[in-house]
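# Remarks on the overall topology
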Amino acid sequence: MEDVLTEIPPPSRFFQEDLNNFAPPSPPLPSPFLVFSNPKPNEPLRPSLLIVAISSPSLYVFHQLSSKTLIGSLILPEIPFSGNSIEPSLGDKSCNIYTHNDADDSIIIISVQCSIAAERSNIVAKLLIGEQIIPERVLILDSVQSQSFRGKLSPDETFAFKLETSSEREGLDDSSLLKGINYFPSGSVLDGLAAALLGRCQMRNIKGTLCVSWPEFGGAAVSLVKSLLPRNVLPVPPISPTLTLQLSKKTITATMAPSLHSKPLVLQFLLLTLFILGTRLHASDPVLKLNYYASTCPTLFEIIKKEMECAVLADPRNAALILRLHFHDCFVQGCDGSILLDDTITLQGEKKASPNINALKGFKIIDSIKNKLESECPGIVSCADILTTAARDAVILVGGPYWEVPLGRKDSITANYALANTNIPTADEGLPSIISKFLYQGLSVTDVVALSGAHTIGMARCTNFRSRIYGDFEATSGHDPISESHLSSLKSICPPTGGGDNNITAMDYVTPNLFDNSFYQILLKGEGLLNSDQEMYSSLFGIETKELVKKYAADPVAFFQQFSDSMVKLGNIINSDSFVTGEVRRKCRFVNT
């Protein structure tokens, strides 16, 4: 028989999950957290009943409830805010926390409208039933997952079962939360958040009931869930007979009157909460010193300043390039010089990540400074410290403020391409999402507004402001002739289609080469070039950011002072691993060999 040569590889003797054992583990996801309209309460919430709605029918039932007040949210950093509506909607990817206003006892309702991965279920369950929310009783509403059920389930069949914790089952029959519902015959087919919540109740000796219903979607399922809820627990309004439901696995839409609880500013508490929260979620206490190189390389500051003077004199834009490098470095595993690493056979750098590719320059300036320092103080000064100090000098050389730079960072021997794609804010990102990324780094809402002021000397590529100038630019800037002329100029630089992605223009068109507060004055006129910048003033979420924009537009001294303080905080985001495994690179682009 003739042998046939083929490019198709032979079948593997391994399953894909076996092959994954040889792959490096994915970086850990940031921890989820709770935010409340009254942050840091003296006492935790202690509801008599906590209801967690997970199934689509239960989410719809509680969305109809008018007598509820939004008091908080569960924030999962991996789930973006973009696409969510201002008013609570069933199409949002959110996990909001409400109080029920008309109940005799305190009742809290949690609407889980986002998909929570199985591996995140336990940590989410610990947040929802933990130190901040301590319920007397818990009711969890979920659906039977057809893919987990052994046997075929008819979509025309409707049923409901329950699982209970020991403390709930040991109670008197009269006190049972859901009377007349049979015990679920096979708890093994339940997993995910519902199972984690019930397990949490069992471990904390809380009366807990998990009610699962079938079918997963449809009007019959909604009616079933509604009928299960006792009137003395939660008086649910009747479903309108003219209601038309369209239930799918991804969204629930309904033709109905606007929800009575929704008010245009009801979600604005989120920004205020994030501002007040002000806790360090990621940054470690700095282990840095102002005089770190006093004895080992006393000429450090002089050398860096001289090289930066030459670079900025040759092209003032170099100041913004170095400042941006520093920011992008610190937002990925801390200020450890990882942004400077080139790709090699054994290391994937961060330079080609989506927020960085075609956006970062200035690497040759850092190389030049490093070469000078290696000649003067070989093997002493880390690339991370060079970049941090150079960013400070860059700002000073274009008229900005001075601040002290603590030193002593080590250079990482790794980079993180994945984190570069997720941690760094982007030009079209919504304000709440940007704030959550800053909070994760241990920065505050004030830092968001102050550090964004660095755009007073920055340039932006067409690909990053095209959606803005062909979107809501006219709406935010009004019909002022000067604004219209400026918009026409921007459109000539950045056509709607047909290329021009890398065409650039200044984000501060008034004084593009001077570090001042005119960037904020541009935002007041609604002319911010980037959507992410203008949202600080124009977004409905911008309760605190709007006031800060107005403050810095009117008071350049206040802006300079806060920018200096925020830059110190940014530089103090350290990579603790680098102090164990890090080094002082001889060449900033490569780890030492």
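Quick look at the structure, then. Counting restarts for each chain: residues are numbered from 1 in the order of the written sequence. In keeping with the predicted nature of the model, local features appear solely for residues at pLDDT of at least 70, side-chain atom pairs appear and are counted solely at 80 or more, and the whole-chain, interface and lining totals rest on all residues. Note that the side-chain values use all heavy atoms of the structure and ignore hydrogens as well as water.

Attention now moves to the packing of aromatic side chains. When the centres of two rings from Phe, Tyr and Trp lie within 6.5 Å, Trp using its six-membered ring, the rings pair. Their planes under 30 degrees apart give stacked, over 60 give edge-to-face, and anything left gives tilted. One pass over the structure, following the stated rule, counts 14 aromatic pairs. An angle of 5° between the planes, with centres 5.7 Å apart, marks the rings of Phe515 and Phe559 as stacked. A residue pair is termed long-range when its members are at least 10 positions apart, and Phe515 in the loop between strand 12 (504-506) and helix 18 (518-524) and Phe559 in helix 21 (residues 556-571) qualify at 44 residues. Summary of the burial criterion: residues with accessible area below 20% of their type's maximum are buried, those above 50% are exposed, and those between are partly exposed, where the area comes from a 1.4 Å probe applied to protein chains only. Of the residues examined, Phe559 reaches a relative accessible area of 0% and is grouped as buried. Centre to centre, the rings of Tyr552 and Phe559 are 6.0 Å apart; their planes meet at 45°, and the pair counts as tilted. The exposure classification of Tyr552 matches that of Phe559, with both residues buried. Aromatic ring contacts, followed pair by pair, group Trp403, Phe515, Phe519, Tyr520, Tyr552, Phe559, Phe560 and Phe563 into a single cluster. Definition used: whenever NZ (Lys) or CZ (Arg) falls within 6 Å of the ring centre and also within 35 degrees of the ring normal, the charge is taken to sit over that ring. We note Lys351 situated over the ring of Phe363; from NZ or CZ to the ring centre the distance is 4.1 Å. One cation-aromatic arrangement involves Lys546 over Tyr537; the distance from NZ or CZ to the ring centre is 5.1 Å. Segments assigned H or I by DSSP are reported as helices when at least four residues long, segments assigned E as strands when at least two residues long, and all are numbered from the N terminus.

Every regular strand shows the same layout, with side chains that alternate between the two sheet faces. Extensive coverage of strand 2 (residues 49-53) is indicated by the burial of five of its five residues. Across the two faces of strand 2 the burial is the same, with Leu49, Ile51 and Ala53 and Leu50 and Val52 all buried. Sheet topology places strand 2 next to strand 6 (residues 137-143); four bridges connect them, and they run parallel. In the sheet register, Ile51 faces strand 6, and the bridge partner there is Leu139. Here, a strand pair is defined by DSSP locating no fewer than two bridges between the strands.

Moving on: the sheet that holds strand 6. Overall, mixed pairing links the eight strands, which are arranged 1-3-4-5-2-6-8-7 in an open sheet. Only two strands of the sheet have a single neighbouring strand rather than two, namely strand 1 (33-36) and strand 7 (159-164). The sheet shows a mean angle of 20° between the axes of neighbouring strands, taken without regard to direction. Where strand 4 (residues 95-100) and strand 5 (residues 107-112) come together, five bridges link them in antiparallel fashion. Its bridge partner being in strand 5, Tyr98 is matched across the sheet by Ile109. For every element, the axis is a line fit to its C-alpha atoms; helices are fit only across the contacting stretch, and the angle between N-to-C directions ranges from 0 to 180 degrees.

Mapped onto the secondary structure, Ser518 falls in helix 18. Once residues lying within four places of it in the same chain are set aside, the contact partners of Ser518 are Thr456, Asp508, Val510 and Thr511. Residues are treated as being in contact if the distance between any of their heavy atoms lies within 4.5 Å.

As a further point, take the environment of Val52. By secondary structure assignment, the location of Val52 is in strand 2. For Val52, a relative accessible area of 0% translates into the label buried. As for Val52 and Asp142, which are separated by 90 residues in sequence, their C-alpha atoms are 8.7 Å apart. The contact partners of Val52, leaving out residues within four places of it in the chain, are Ile110, Val112, Leu139, Ile140, Leu141 and Leu197.

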